[in-house]
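Below, each chain spelled out in residue letters.
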Amino acid sequence: MTRSRILTLAAAMLAIAALWAMYAPIPAGSREQLFEIPAGTYARRAAGDKVEILPTSIRLTLGVKDILVLKNLDNVPQTFGPVLIMPGQSFRMPFGVAGDVQFECTAHASGQMRIVVEPAPDAGWRRLVWRARHWL
């Protein structure tokens, strides 16, 4: 097989994959996005450790991953917004609209956590970009 034929075949396969990524439905699975606060987080922070256990910004997508679940595995309560999460408890927060929200969060050194909820990607370029961002 010649080099030009291999390149043509590779380009055709890439085009087919891009079309699939643009128009194939996003599979339905668990819509929960779980984040855990590990045991010992409070003690490490009290000892002066710069503990970064959760991302400063969490991105969710409506209809795909739109339920934030925080699980407190630490031995002290943690605050997330107006909610006190006791040791061993989980807190589920479903999102029904797109937006950008800032919450108080004691699990962060900064004391804040940003939640960005994006709309479900429409078929076409938006879905292709969304899939590329989640694959890479």
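Our structure's up above, just so we're on the same page.
Residues numbered from 1 in each chain as written. Predicted model: local features only at pLDDT ≥ 70, side-chain atom pairs only at ≥ 80, totals over all residues. Heavy atoms only, no water.

**Q** Can you walk me through the overall build of the protein chain in this structure?
**A** Of the regular secondary structure elements, the protein chain holds three helices and eight strands. If you list the helices and strands of the protein chain from N to C, you get α-β-α-β-β-β-β-β-β-β-α. Taken against the 2.2 N^0.38 rule, which gives 14 Å for 136 residues, the C-alpha radius of gyration of the protein chain at 20 Å runs more than 25% over that of a compact globule. Dimensions along the principal axes, computed over C-alpha positions, put the protein chain at roughly 65 × 35 × 20 Å. Evaluated residue by residue, the protein chain yields a buried proportion of 32% over its 136 residues. Counting contacts in the protein chain only where the partners sit at least 6 residues apart, residues at least 24 apart contribute 60% of the total. If you sum the accessible surface of the protein chain, you get close to 8,600 Å²; carbon and sulfur atoms cover 62% of it. Treating the 15 positive side-chain charges of the protein chain as one cloud and the 10 negative ones as another, the clouds have centres 11 Å apart. (Helix = DSSP H or I, 4+ residues; strand = E, 2+ residues; numbered from the N terminus. Rg over C-alpha atoms; globule rule 2.2 N^0.38 Å. Buried < 20%, exposed > 50% of the residue type's maximum accessible area, 1.4 Å probe, protein only. Contact = heavy atoms within 4.5 Å. Areas by Shrake-Rupley, 256 points an atom, 1.4 Å probe, with all protein chains shown as cover. Lys, Arg positive; Asp, Glu negative; His and termini not counted. Charge placed at Lys NZ, Arg CZ, Asp CG, Glu CD.)

**Q** Teacher, can you tell me more about the pattern of salt bridges here?
**A** Side chains that carry opposite charge are capable of pairing whenever their charged atoms lie near each other. According to the stated counting rule, one finds five salt bridges in the structure shown. Between Asp100 and Arg114 there is a salt bridge, with the nearest N and O atoms lying 2.5 Å from each other. With Asp100 in strand β7 (residues 99–104) and Arg114 in strand β8 (residues 112–118), this pair connects stretches of sequence that are 14 residues apart. (Salt bridge = Lys/Arg side-chain N within 4 Å of Asp/Glu carboxyl O.)

**Q** I'm lost on a nonpolar patch on the surface in this one. Help?
**A** A surface patch of nonpolar side chains, amounting to about 450 Å² of accessible area, comprises Met1, Ile6, Leu9 and Met13. Turning to its location among the elements, Met13 is positioned in helix α1 (residues 3–23). (Patch = residues over 30% accessible without salt bridge, like charges linked within 9 Å, V, L, I, M, F, W, Y side chains within 5 Å.)

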